[in-house]
Amino acid sequence: MNPSAVLFDAYGTLFDVNSVAQACAAITPAPEALVALWRAKQLEYSFLRSLMGLSAYADFWTITVDALDFATEKLGLRISSADRDRALQGWLEVRPYPEVPSTLDVLAGQGRRCAILSNGSPYMLHAALASAGLARRFQTVLSVDAIRTFKPHPRVYQMAVDALATPPGELLFISSNGWDAAGARAFGLPVAWVNRTRAPVERLGVSPDVILADLSTLPALLTAKPR
Ligand code: LAC
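Think of each chain on its own: its residues are numbered from 1, step by step along the sequence as written. Note on the predicted model: pLDDT of at least 70 is required for a residue's local features to be given, and 80 or more for side-chain atom pairs to be given and counted; whole-chain, interface and lining totals, by contrast, use all residues. Where side-chain values are given, they derive from all heavy atoms of the structure, hydrogens and water being excluded.

1. Some remarks on the overall build of the protein chain
Broken down by element type, the protein chain carries 8 helices and 8 strands. C-alpha atoms define the radius of gyration, and 2.2 Å times the number of residues to the power 0.38 defines the globule rule. Taking 2.2 N^0.38 as the reference for a compact globule, 227 residues should give roughly 17 Å; the C-alpha atoms of the protein chain span a radius of gyration of 17 Å, in line with that estimate. Judged by the C-alpha coordinates and their principal axes, the protein chain covers about 55 × 35 × 30 Å. Contacts between residues were defined by any pair of non-hydrogen atoms, one from each residue, lying within 4.5 Å. A fraction of 66% describes how many contacts in the protein chain between residues 6 or more apart in sequence connect residues 24 or more apart. Treating the 21 positive side-chain charges of the protein chain as one cloud and the 20 negative ones as another, the clouds have centres 4 Å apart. Helix and strand assignments follow DSSP, with helices taken as H or I runs no shorter than four residues and strands as E runs no shorter than two, numbered in order from the N terminus. The charged-residue count follows a simple rule in which Lys and Arg add positive charge and Asp and Glu add negative charge, with His and chain termini not counted at all. For charged residues, the charge sits on one atom: NZ in Lys, CZ in Arg, CG in Asp, CD in Glu.

2. Digging into unusual backbone geometry
Of note, the bond from lysine 151 into proline 152 is cis; its omega dihedral lies within 30 degrees of zero at 10 degrees. Within the secondary structure, proline 152 is located in the loop between strand E5 (140-143) and helix H6 (154-164). With phi around 50 degrees, alanine 165 is a residue other than glycine that occupies positive phi space. Structurally, alanine 165 can be placed in the loop between H6 and strand E6 (171-175).

3. So, the nonpolar core
With 69 residues, the main nonpolar core has Phe8, Tyr11 and Trp38 as its most contacted residues. Residue ranges assigned to the domains are those given by an automatic or database domain assignment. The residues that make up this core include at least three from each of domain 1 (5-15 + 95-221) and domain 2 (17-92). Buried Ala, Val, Leu, Ile, Met, Phe, Trp, Tyr and Cys residues that are joined via side-chain atoms within 4.5 Å together make up what is termed a nonpolar core. Note on classification: 1.4 Å probe, protein chains only; a residue is buried when its accessible area is under 20% of the maximum for its type, exposed when over 50%, partly exposed between these limits.

4. As for the pairing of E5
Pairing between two strands requires that DSSP report at least two bridges joining them. Two elements, strand E4 (residues 113-118) and E5, share 4 bridges in a ladder whose sense is parallel. Bridged to leucine 117 within E5 is leucine 142. The crossover handedness rule: strands pointing away from the viewer, path from first strand over the helix to second strand clockwise, crossover right-handed. You can see the chain leave E4, run along helix H5 (residues 122-132) and come back into E5, and the turn it takes is right-handed.

5. Re the site of the ligand
Taken together, Asp9, Ala10, Tyr11, Arg39, Leu43, Ser118, Asn119, Lys151, Asn177 and Trp179 make up the full set of residues near the ligand. Any N or O atom pair separated by 3.5 Å or less is treated as a polar contact, with the protein-specific requirement of one donor-capable and one acceptor-capable atom, and with residues adjacent in sequence counted only for side-chain atom pairs. Asparagine 177 is positioned such that a nitrogen or oxygen atom in its side chain is 3.1 Å from an oxygen atom of the ligand. In these tables, accessible area is a Shrake-Rupley quantity obtained with a 1.4 Å probe, and a residue counts as shielded only by the protein chains included in the view. Calculation on the ligand without its partners gives an accessible area of 220 Å², and the protein chains cover 100% of this total. Among the residues forming the shell around the ligand, the class breakdown is 4 nonpolar, 3 polar and 3 charged. A cutoff of 4 Å decides nearness: a residue is near a molecule or strand if any of its heavy atoms lies inside that distance of it. Under the convention adopted here, Pro, Cys and the residues Ala, Val, Leu, Ile, Met, Phe, Trp and Tyr are nonpolar, Asp, Glu, Lys and Arg are charged, and Gly plus all remaining residues are polar.

6. Points about a nonpolar patch on the surface
Excluding any residue in a salt bridge, patches collect residues exceeding 30% relative accessible area, merging like charges within 9 Å and nonpolar Val, Leu, Ile, Met, Phe, Trp and Tyr side chains within 5 Å. Counted as salt bridges are all cases of a side-chain nitrogen of Lys or Arg within 4 Å of a carboxyl oxygen of Asp or Glu. Residues Leu48, Leu51 and Met52 make up a contiguous nonpolar surface patch of about 350 Å² in total accessible area. For leucine 51, the position within the fold is in helix H1 (residues 31-52). Look at leucine 51 and you get exposed, because its relative accessible area is 73%.

7. Comments concerning the side chain of asparagine 177
Among the secondary structure elements, asparagine 177 is positioned in the loop between E6 and helix H7 (178-187). At a separation of 2.8 Å, a polar atom in the side chain of asparagine 177 contacts the side chain of aspartate 9.

That's the geometry; what it means functionally is another story.
Printed below as a string of structure tokens:
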């Protein structure tokens, strides 16, 4: 594999969604369970709103707020407006996985462009990147907000191909989300799935080109320098 540009998913891939639990400690003694339901609902709402069509679009921040409200009600948690704000702030301060900065350093040293393609709204993405000290590591930060449709719709991956002005075969898309890896592969991008949780492969009719345990082994996989 010799991609000239490496395109990363954000949440779950660069950023550890579980770290949002710290911001939920005042709400419940089991913040991990809240975040698991919150994240599942956030993704479900993004998929559903895409299926419902353009008029049903709401950006990922709005969806994240709605998903929190659903999750706290479902779990029977009473939540003050200050605690709600603090929990939401968790997404703006979400922690990167430990190997992310060094991986980005090596990729930059190999002369590869690094970009993000995320369902996150520009506001969320830029806040999280600034908080993590990663803002300058990416040449391009692409949010689906530009086309008001969420991954894994093929229009999203096409947007990235167009924005990077690079043939799909010269890109490498990287995601920890199995459904996102499948969506990008079905679209026609080369894909590395970062299977951090040893999850079974999604049965969606396509397979990733490469499976990694985390991002640290990525640069060694890309042996040759880009053309
Ligand atoms: C992202 C979420 C969905 O696109 O993981 O960053």
